[in-house]
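Architecture and fold: a report
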Amino acid sequence: MIVSDDVHRGTSVVDRPEDNADDLFAVAVEQFNIAADVIGLEDGIRQILSHCQRELTVHFPVEMDDGSVHVFAGHRVRHSSLPGPTKGGIRYHQSVTINEVRALAMWMTWKCAVVGLPYGGAKGGVQVDPKLLSQNEVQNLTRRYTTEIQPFIGPNIDIPAPDVNTNPQVMAWIMDTYSMNVGYSVPGVVTGKPLELGGSAGRNEATGRGCVFAIEEAAKTQGMSLTSARTVVQGFGNAGSVAARLMAEHGSSVVAVSDSRGGIHNPNGLDLKAVAIHKRRTGTVQGFAEAEDVSNVQLIELDCEILIPAALEGQITRRNAGSIRARLVAEAANGPTSPEADAILYDRGVLVLPDIFANAGGVTVSYFEWVQALQAFPRSEDQVNERLRDIMQRSYVTILETSREIRCPSADRGVGSCHRASCRFLPAAWNLSVGT
Ligand code: NAD
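Structure report, in brief. (Residues numbered from 1 in each chain as written. Predicted model: local features only at pLDDT ≥ 70, side-chain atom pairs only at ≥ 80, totals over all residues. Heavy atoms only, no water.)

Describing the pairing of strand E4 (residues 120-127)
- The buried count for E4 comes to seven of eight residues, which makes it a mostly enclosed element.
- Summarising the sheet, strand E2 (residues 69-78) and E4 pair through five bridges and their orientation is antiparallel. Pairing of His-75 across the sheet is with Gly-125, part of E4.
- In this sheet, E4 lies alongside strand E3 (residues 86-93) in parallel orientation, the contact comprising six bridges. Among the inter-strand pairings, Tyr-92 is bridged to a residue of E4, identified as Val-126.
- Crossover E3 to E4 through helix H3 (residues 98-114) is right-handed. (Buried < 20%, exposed > 50% of the residue type's maximum accessible area, 1.4 Å probe, protein only. Helix = DSSP H or I, 4+ residues; strand = E, 2+ residues; numbered from the N terminus. Pairing = 2+ DSSP bridges. Right-handed = clockwise from strand over helix to strand, strands pointing away.)

Observations regarding the site of the ligand
- Taken together, 27 residues form the shell around the ligand, and within it Asp-163, Asn-165, Thr-207, Asn-238 and Asn-334 come nearest.
- Ala-311 places a polar main-chain atom, nitrogen or oxygen, 3.0 Å from an oxygen atom of the ligand.
- In the environment of the ligand, an oxygen atom lies 3.3 Å from a nitrogen or oxygen atom belonging to the backbone of Ala-332.
- Burial of the ligand by the surrounding chains reaches 92%, relative to a free accessible area of 820 Å².
- Elements supplying a minimum of two residues to the shell around the ligand: helix H7 (238-249) and strand E7 (253-259).
- In terms of residue class, the shell around the ligand is made up of 10 nonpolar, 11 polar and six charged. (Near = heavy atom within 4 Å. Polar contact = N/O pair within 3.5 Å; in protein donor to acceptor, adjacent residues only side chain to side chain. Areas by Shrake-Rupley, 256 points an atom, 1.4 Å probe, with all protein chains shown as cover. Nonpolar A, V, L, I, M, F, W, Y, C, P; charged D, E, K, R; others polar.)

A few points about the pattern of salt bridges
- Summed over all chains, the structure comprises 21 salt bridges.
- Residue Arg-91 is joined to Asp-163 by a salt bridge in which the shortest nitrogen-to-oxygen separation is 2.7 Å. Of this pair, Arg-91 sits in strand E3 while Asp-163 sits in the loop between strand E5 (158-162) and helix H5 (168-182); the two residues are 72 residues apart in sequence, bridging distant segments of the chain. Each member of the pair Arg-91 and Asp-163 is classed as buried.
- Glu-386 is paired through a salt bridge with Arg-389; the nearest N and O atoms lie 3.9 Å apart. One end of the pair is Glu-386 and the other is Arg-389, both in helix H13 (residues 381-405) and three residues apart, which spans about a single turn.
- Of the residues examined, Glu-386 reaches a relative accessible area of 49% and is grouped as partly exposed.
- A single network of salt bridges, built from pairs that share partners, joins Arg-91, Glu-100, Lys-123, Asp-163 and Glu-313. (Salt bridge = Lys/Arg side-chain N within 4 Å of Asp/Glu carboxyl O.)

Examining the packing of helix H4 (residues 135-149) against H5
- Interaxial distance between H4 and H5 falls to 9 Å at its minimum, and their mutual angle equals 45°. Classed by the angle they form, the pair H4 and H5 counts as oblique. As H4 packs across H5, the resulting crossing turns out to be right-handed. Across from Gln-135, Val-138, Gln-139, Thr-142, Arg-143, Thr-146 and Thr-147 in H4, the residues of H5 making contact are Gln-169, Val-170, Trp-173, Ile-174, Asp-176, Thr-177, Tyr-178, Met-180 and Asn-181.
- Looking at the contact of H4 with H5 residue by residue, the classes come out as six nonpolar, eight polar and two charged. (Axes fitted to C-alpha atoms, helices over the stretch in contact; angles between N-to-C directions. Parallel < 35°, antiparallel > 145°, perpendicular 65-115°, else oblique. Left-handed = near helix turned anticlockwise from the far one by under 90°. Contact = heavy atoms within 4.5 Å.)

Focus on the side chain of Glu-313
- Within the secondary structure layout, Glu-313 lies in the loop between strand E10 (306-309) and strand E11 (328-330).
- Within polar-contact distance, the side chain of Glu-313 engages the side chain of Arg-91 at 3.1 Å.

Side note on the sheet that holds E7
- Overall, mixed pairing links the seven strands, which are arranged E9-E8-E7-E6-E10-E11-E12 in an open sheet. If you trace the sheet from one side to the other, it starts and ends with strand E9 (292-294) and strand E12 (351-353), each paired once. Strand-to-strand, the axes of this sheet are offset by a mean angle of 20°, without reference to chain direction.
- Bridging between E7 and strand E8 (residues 262-265) involves four bridges; their strand directions are antiparallel. Looking across to E8, one finds that Ala-256 is bridged to His-265.

Limitation: the analysis is restricted to geometry and does not speak to function.
Structure representation (structure tokens):
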């Protein structure tokens, strides 16, 4: 068994300003109700959409490398199958709870509606710190979890994808296990697979790339130049590291990044290639020679123009929203900003690109991958990236037009959340109310 330094860092010391995981579904429902009030959503539809349609909790044994058996808890939640099959990632994290999975599933429904994908939302999670397991143990866990949730998933039912601490390798194990159980290969059961197994070109980078496309659109309406903007990124994983690299390619100076152990800051800009090498070597960005170590709490409040939270939920709260110095917050993570923080940021003139738009690049390219699996017809990376850009740009315009049509308070500033948190959900709720 591999034991990382994190073993001594239990969940409680992970740097989270406000651990609201247990209340996360209440937050999601509160946000939805604010939006539903604004558009006068019919009560029956409101009732339906404020609940998750199906929920599965499983407890399953995994044989560890030393021969012992460990029982893990996992969930898979489908918020709404109204628009089509459901779609959403699988997360491996020690603080996974059913309420967190419900909230993430609900947000997936709005996200798919915002970018016009024919999916409802879903999410899955296993309560485990995978850094404490060997690769073999993660494989055993993934295969057993897949078997437990197998009746719940399928290419026409519910299609998982990567999320925190899961990756193309984990998706490959899910596809293989599902395929073994049914007796034939089913590439459409999961997205975010390795290219060799039918993955889509560009999927691995899609969340970060889509986030940067969203920032480009917002910067245009804000008259902000990306070349002179300083960027801070919380979370240097899949979404965060790609967003950081692409912001740097746009000429932005990325002055700080972080991971679960903490962050690093260099006001003159970080050499991201060197940071990535340092992280691969040491397991953390901290201790990088050409920067100062900072905590994740300090990082959120650093002087910059653009802040990209790309780690976990509950990072920007009423406690630190008043100290944020960025002009633009682009939510690569799901649920990083609480409704109270939304109001504070709105009053302070900070534009927040909500998660259901800003990180929709991942599910969009997952959709391309799913269609590719159903049609057995792959597309090139350039085609994927161009189509993604087109969808992000069109969605931005649609959200803006809808916000203006319904006189959303933030519409004059571009696409962003506002003091009633309504822009977070209005366009999605609008689409759903028209569609039902
Ligand atoms: P990941 O596991 O690849 O990376 C997560 C990163 O966050 C890691 O660097 C980790 O060390 C860091 N981290 C964990 N806890 C932290 C903390 N308390 N403070 C600071 N950093 C912390 O995960 P990911 O896939 O990049 O997902 C990150 C966020 O993006 C999540 O909210 C996820 O739901 C969201 N998201 C991911 C995708 C996707 O396609 N992977 C799509 C949409 C949204």
